Amino acid sequence: MKPVLVVGAGQLGLMMAAAGARFGIPVDRMDHVTGELVPGTSNLRLTMPLDEIEQRYDIITAELEHLGDTPLLNSVKATKSWQNAAAFEILPTREKQKRMLDELQVATAPWQFLNNQDDLLNAHAELGDKLVVKSIRDGYDGKGQWRPVAGQSHDIPAEAFGGLIAEAMVDFSREVSLVGARFANGEYYFFPLTENYHHEGILRYSLGPAPKTEDLQADAQTMLSKIMEHLDYVGVMAMECFQTEQGLIVNELAPRVHNSGHWTQAGSDYSQFDLHLSALTGAAVPHQPKRFPVTVMLNLIGCEWNAEWQALPGIQCYWYGKERRDKRKLGHINLSASSVEELVAHCEGLMPYLDEEHKGFLAEAVALLNAS
Ligand code: AMP
C-alpha cells in the first residue's frame, strides 16, 4: 500500500495512523512547525530531506487547515503528493470560504469584511445589533471571536481590523455536522448527521447519529457534495451547520477528519479515519457499514486520565498523550449501545468517574437522549 504522510502531529493524525494499520497503509506524521517526521503512532522524531519525503509518500494530507505560510509548508504544498490544494487554499481563510459558499448558493450567515471601526458600525446597520466577529485566519475552538453589540463598547483589538469578518448572529435550534467523503471516481459516502454541543467555543459532546434528522440528511448531503465537487476534493470533509427554521446554514467547513466525527470510531465498524484513508488511496466506497443506533462522544478537556474508564461497559476511550492544560482537548470517550435505554445506563455508569464539569456535559447528553 502507498504510504501516507499527514501534516500535523496531533491527535487526528495519530488516530489516522492507527486506522491505517487496519488496511496495511503506513501512515506517518509531520510536525508542521519543526518539519520533523513522527513515524506512525510513535512519538519518535526524525528528520528527512524534502526530496526523500516526496519520494517516499505518494499521498500527503493534513490534520489541520491552519498550516501557516512557512517555507517548509510551501515546499510540502508544492510536491506532487500534496492533496486537495484548492480546498487548502480557500477553506482556511474565512473570507474566502464564505465567498465560495455565497457563489455556490449554499446557505451561510450573511457576513461582511471589516477593515476598520466604521465597517463595524455599517455591519451592525446591515446585519443586526448582535454580531459574531471572527478572525479570517487561525480561529478555532472559539479563539479569535468577539460578540459586539450595537451601541456598546467592544473588546476587539484595533490591530485586528483588516483581518476580520462580521457575521449576523444566527438564531439556531441546534448545531449539527455532516462528515462525508468524495472518492476520486466522483462517488460520495456520508455518515449520518451528528448533533454537537459547544461550550466556550469548544465541542464538549456529540450524539451520532443525531436524533430527528430525517428531513435534514438529504439537504446536508446535497450541500456538502456541491462544495466537494466544486473543489474537486478527494477525502473526508466536515461541514458544521446551524439548524434554523429556514433549514441548515453552514457555519464552517474543515478539509479533514473532524472532532464531530469521532463517534464513528465506536458507532460504526468503518470510521471517518478509515473513510479518509480509503478515499485517498483509491479504495472502494463502503457498502452500508454496520452501525450502533446511538453513540455519545464526550470530549475530555483539561482533565486527568482515569485508568478505570476503560473497564466500564459500552465504553471506548482515546487518550492523546498530550501535556495537560486547561481547556485543552486531551482525549475523548465514545459510548455506544443498541438502544437509548442501554446507552443511558452506560452513561450513568460513567458518571461517578468524571469531574463535575464533564458530569454536567454528560448529563446534558443523557437528557437529550431521553428526549429523543
Ligand atoms: P466557530 O469557531 O465558527 O465554529 O464558532 C464557535 C461557536 O460559536 C459555534 O459552534 C457556535 O456555537 C457559535 N457561533 C459561531 N458563529 C455564529 C453565528 N454566526 N451565530 C451564532 N452563533 C455562532
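Scoring rules and cut-offs
- Residues numbered from 1 in each chain as written.
- Predicted model: local features only at pLDDT ≥ 70, side-chain atom pairs only at ≥ 80, totals over all residues.
- Heavy atoms only, no water.
- Salt bridge = Lys/Arg side-chain N within 4 Å of Asp/Glu carboxyl O.
- Helix = DSSP H or I, 4+ residues; strand = E, 2+ residues; numbered from the N terminus.
- Buried < 20%, exposed > 50% of the residue type's maximum accessible area, 1.4 Å probe, protein only.
- Expected span 1.5 Å × (residues − 1).
- Arc of directions from axis to C-beta.
- Contact = heavy atoms within 4.5 Å.
- Core = buried A, V, L, I, M, F, W, Y, C linked by side-chain atoms within 4.5 Å.
- Domains from an automatic or database assignment.
- Pairing = 2+ DSSP bridges.

### Brief notes about the pattern of salt bridges
Next, step 1: With the rule as written, the count across this model stands at 18 salt bridges.
Next, step 2: Taking the shortest distance from any N to any O, the salt bridge between arginine 174 and glutamate 195 comes out at 2.4 Å. Highlighted residues: arginine 174 in strand 9 (residues 174–182) and glutamate 195 in strand 11 (residues 194–199), separated in sequence by 21 residues.
Next, step 3: Looking at arginine 174, the relative accessible area reads 10%, which means it is buried.
Next, step 4: For glutamate 195, a relative accessible area of 3% puts it in the buried group.
Next, step 5: For the salt bridge of lysine 327 with glutamate 200, the shortest nitrogen-to-oxygen distance reads 3.7 Å. Pair noted here: lysine 327 is in the loop between strand 16 (315–319) and strand 17 (329–337) and glutamate 200 is in the loop between strand 11 and strand 12 (202–208), with a separation of 127 residues, a long-range link.
Next, step 6: Bridged by salt links that share partners, the residues Glu200, Arg204, Lys327 and Glu357 form one connected network.

### Regarding helix 11 (residues 356–371)
Next, step 1: In a regular helix each residue adds 1.5 Å, so 16 residues correspond to 22 Å; helix 11 covers 23 Å between its end C-alpha atoms and thus fits that length.
Next, step 2: Looking at helix 11, one finds that the buried residues are His358, Phe361, Leu362, Ala365, Val366 and Leu369. When helix 11 is viewed along its axis, its buried side chains cluster within an angular range of 145° and face the same direction. Facing away from the buried side of helix 11 by over 90 degrees, the exposed positions are Glu356, Asn370 and Ala371.
Next, step 3: Buried residues along helix 11 sit against strand 11, strand 12, strand 15 (294–301), strand 17 and helix 10 (340–350).

### Re the nonpolar core
Next, step 1: Grouped together as the largest cluster of nonpolar side chains are 30 residues, with contacts concentrated most on Val27, Phe273, Leu275 and Leu277.
Next, step 2: Put simply, the parts of the chain that give this core at least two residues each are strand 1 (4–7), helix 1 (11–23), strand 9, strand 13 (235–244) and helix 9 (272–281).
Next, step 3: Summarising the domain contributions, this core has at least three residues from each of domain 1 (4–83) and domain 3 (174–371).
Next, step 4: Leaving out residues up to four positions away in the same chain, valine 27 has contacts with Val4, Val6, Met16, Ala17, Gly20, Gly40 and Leu277.
Next, step 5: Counting residues in each nonpolar core, the second largest holds 25 residues, with Leu178, Ala210, Leu231 and Tyr233 among its members.

### Overview of the pairing of strand 17
The side chains of a regular strand alternate between the sheet's two faces.
Next, step 1: For strand 17, the buried fraction is high: nine of the nine residues fall into the buried class.
Next, step 2: As paired elements, strand 15 and strand 17 share eight bridges and run antiparallel to each other. Considered in strand 17, the bridge of threonine 295 is made with serine 336.
Next, step 3: Bridge analysis of strand 16 against strand 17 gives five bridges, and the strand direction is antiparallel. The residue of strand 17 that forms the bridge with glutamine 316 is asparagine 334.

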